[in-house]
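Now for the letters of each chain:
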Amino acid sequence: MDFTLNDEQRLFRETLRSFVDREIVPVARDWEHEGRYPTEIVTGMRELGLFGLAVPEEYGGLAADTVSFALTFEEISRGWMGIAGILGSHSVSCWVIARHGTEEQKQRYLPELATGERRTAIALTEPGAGTDLQSITTTAKKDGDDYIVRGTKMWITNARHADPLPVLVKTDPGASPAHRGMSMLLVEAGSPGLEITKDMGKLGYKGTESCEVVLDDVRVPASQLLGGVEGRGLQQALSSLETGRINIAARSVGIAQRAYEESLAYARERSAFGQPIGDFQAVQLRLSGIAVRLQAARLMTYWAASRMDAGVRMDTESGMAKIFASDAALECATDAMRIHGGYGYSTEFEVERLYRDAPLMSIGEGTNDMLGTVVARSLLAGKATIG
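Residues numbered from 1 in each chain as written. Predicted model: local features only at pLDDT ≥ 70, side-chain atom pairs only at ≥ 80, totals over all residues. Heavy atoms only, no water.

K.L.:
Would you take a moment to explain the packing of aromatic side chains for this structure?
P.N.:
Two aromatic rings are characterised by how far apart their centres lie and by the angle between their planes. Counted under the stated rule, the structure contains 4 aromatic pairs. For the pair Tyr266 and Phe349, a centre-to-centre distance of 6.2 Å together with 85° between the ring planes defines the contact as edge-to-face. Remark: Phe349 occurs in the loop between helix H9 (315–340) and helix H10 (351–357) and Tyr266 occurs in helix H7 (residues 233–269); sequence separation between them is 83 residues. The exposure class of Phe349 is partly exposed, given its relative accessible area of 24%. An aromatic cluster of at least three residues, connected via ring pairs, comprises Tyr266, Tyr343 and Phe349. Sitting above the plane of the Trp31 ring, Arg36 keeps its charged end 3.9 Å from the centroid. Directly above the aromatic system of Tyr147 lies the positively charged group of Lys142, at a separation of 5.4 Å from the ring centroid. (Phe/Tyr/Trp six-rings, centres within 6.5 Å; stacked < 30°, edge-to-face > 60°. Helix = DSSP H or I, 4+ residues; strand = E, 2+ residues; numbered from the N terminus. Buried < 20%, exposed > 50% of the residue type's maximum accessible area, 1.4 Å probe, protein only. Lys NZ or Arg CZ within 6 Å of the ring centre and 35° of its normal.)

K.L.:
I tried to follow the UniProt feature "domain: Acyl-CoA dehydrogenase/oxidase C-terminal" (unreviewed entry) in the protein on my own but got confused; where do I start?
P.N.:
The UniProt entry lists residues 231–380 under the feature "domain: Acyl-CoA dehydrogenase/oxidase C-terminal" (unreviewed entry), expressed in the numbering used here. The distance from the first to the last C-alpha atom of residues 231–380 is 28 Å, and the span holds 75% helix and 3% strand. (UniProt positions renumbered as here; feature names shortened; annotations may be inferred.)

K.L.:
What exactly am I supposed to notice about unusual backbone geometry here?
P.N.:
A negative phi holds for most residues other than glycine; trans holds for most peptide bonds. Along the chain, Asp163 connects to Pro164 via a cis peptide bond; the corresponding omega equals 15°. Here Pro164 lies in the loop between strand S2 (146–157) and strand S3 (165–170). With omega at 0°, the peptide bond leading from Ser176 into Pro177 counts as cis. Residue placement: Pro177 occurs in the loop between S3 and strand S4 (182–187). Backbone geometry at Tyr205 places phi at a positive 50°, although glycine is not the residue there. Relative to the elements of secondary structure, Tyr205 occurs in the loop between strand S5 (194–199) and strand S6 (210–221).

K.L.:
Could you clarify how one ought to interpret the UniProt feature "domain: Acyl-CoA dehydrogenase/oxidase N-terminal" (unreviewed entry) in the protein in this entry?
P.N.:
UniProt records the feature "domain: Acyl-CoA dehydrogenase/oxidase N-terminal" (unreviewed entry) for residues 6–117 in the present numbering. Annotated as residues 6–117, this span is 72% helix and 0% strand, and its ends, taken at the C-alpha atoms, are 31 Å apart.

K.L.:
I tried to follow the nonpolar core on my own but got confused; where do I start?
P.N.:
The biggest cluster of nonpolar side chains holds 61 residues, and the ones touching the most others in it are Ile24, Met45, Ile76, Ile83 and Leu87. For this core, the leading source of residues is H7, giving 11 residues. The contacts of Met45, once residues within four sequence positions are left out, are Phe19, Leu50, Phe51, Ile76, Ile83, Ile86 and Leu87. By size, the runner-up hydrophobic cluster in this structure holds 24 residues, among which are Tyr109, Leu110, Met184 and Leu186. (Core = buried A, V, L, I, M, F, W, Y, C linked by side-chain atoms within 4.5 Å. Contact = heavy atoms within 4.5 Å.)

K.L.:
Help me out: how do you make sense of the pattern of salt bridges in this one?
P.N.:
Two side chains with opposite charge may pair up if their charged atoms get near one another. On inspection of all chains with the given rule, the structure shows 29 salt bridges. Where Arg78 meets Asp21, a salt bridge forms, and the shortest distance between an N and an O atom there is 3.0 Å. One end of the pair, Arg78, is in helix H4 (residues 66–79); the other, Asp21, is in helix H1 (residues 7–24), and 57 residues separate them in sequence. Taking the relative accessible area as the measure of exposure, Arg78 reaches 6% and is therefore buried. For Lys153, the salt bridge identified is with Glu126, shortest N-O distance 2.9 Å. Here Lys153 is found in strand S2, whereas its partner Glu126 is found in the loop between helix H6 (103–115) and strand S1 (139–143), with 27 residues between them in sequence. Since its relative accessible area comes to 5%, Glu126 is described here as buried. What emerges from the salt-bridge pattern is a single network uniting Arg17, Asp21, Glu75, Arg78 and Glu261. (Salt bridge = Lys/Arg side-chain N within 4 Å of Asp/Glu carboxyl O.)

Shown next, in the form of structure tokens:
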């Protein structure tokens, strides 16, 4: 049993940490409050090759192992979780295309996606369908060699920069069960009828846009059907969520790590009643609680990632890691704010952003309540075991 990173992973983490400390940490607070898009940071991530994380080497990507994938989102989220969103949606979409696309689709898109020359996202959620994807209402009706797509997608990260945008649709709305009539289409930017209507206002998760996307009779060539076969869209979408949940768990670890760092520094520097507040037992207990939850979340996330690298089914493991790490992120952010006292509520300190970013982790890639039932059903069915 080995709980250590290998030499390549350690070097990768050091490179990432240096980039984050140099390019993200000094500007995150000001840019987040200004609502400024982080163009310079995106350029830096392109130069590091990070847009190719989930792209196979034969198409110019890094083909990173899943532990290194998790390290990327942990380190970037330690600096600014919103930036991780830019890379996260792109990487999940790249993974879907690489795993499920036709060879023609892979050749067409993956090389430019690997360099960041193209960027992408994934459009699953709708105003009336989030966790329950089988309830989507966006349709794609066959018309000769094209599909005519009509519907609305919501909360789509990277929507303004996505080309192509994989869109989950119903090619057979009357199918029973519903998933047999669901497919995914690769919709290219600039397609007539495709419109990004607005950016959603958000409590946190800033730095990247989350958009409403309207598809008003968008004509999409049949060659853009992901994988070339109808009826596999839900399977393709759900397979991507295993990677996505590792992504969210790792982002949660990054938030918790930053909460720990800020709290430790503040407990050493801040004095009250003639002594550092770190000398008070109440502060010590909160600080140790942050450290314990942080390290447990990190180990669970790396465990789930290593299971994926071993090539075994890990939907239960990724779900467990996402549930635990996202809960830990919110608890650590809350305790960090308490350690900071009144300053924790100030926009001049980092912890208020952590407090606003953390709640999304329990919602993204499936709510924790839903994932809890998924894990339980897997255990009851004997598909996974603990101990």
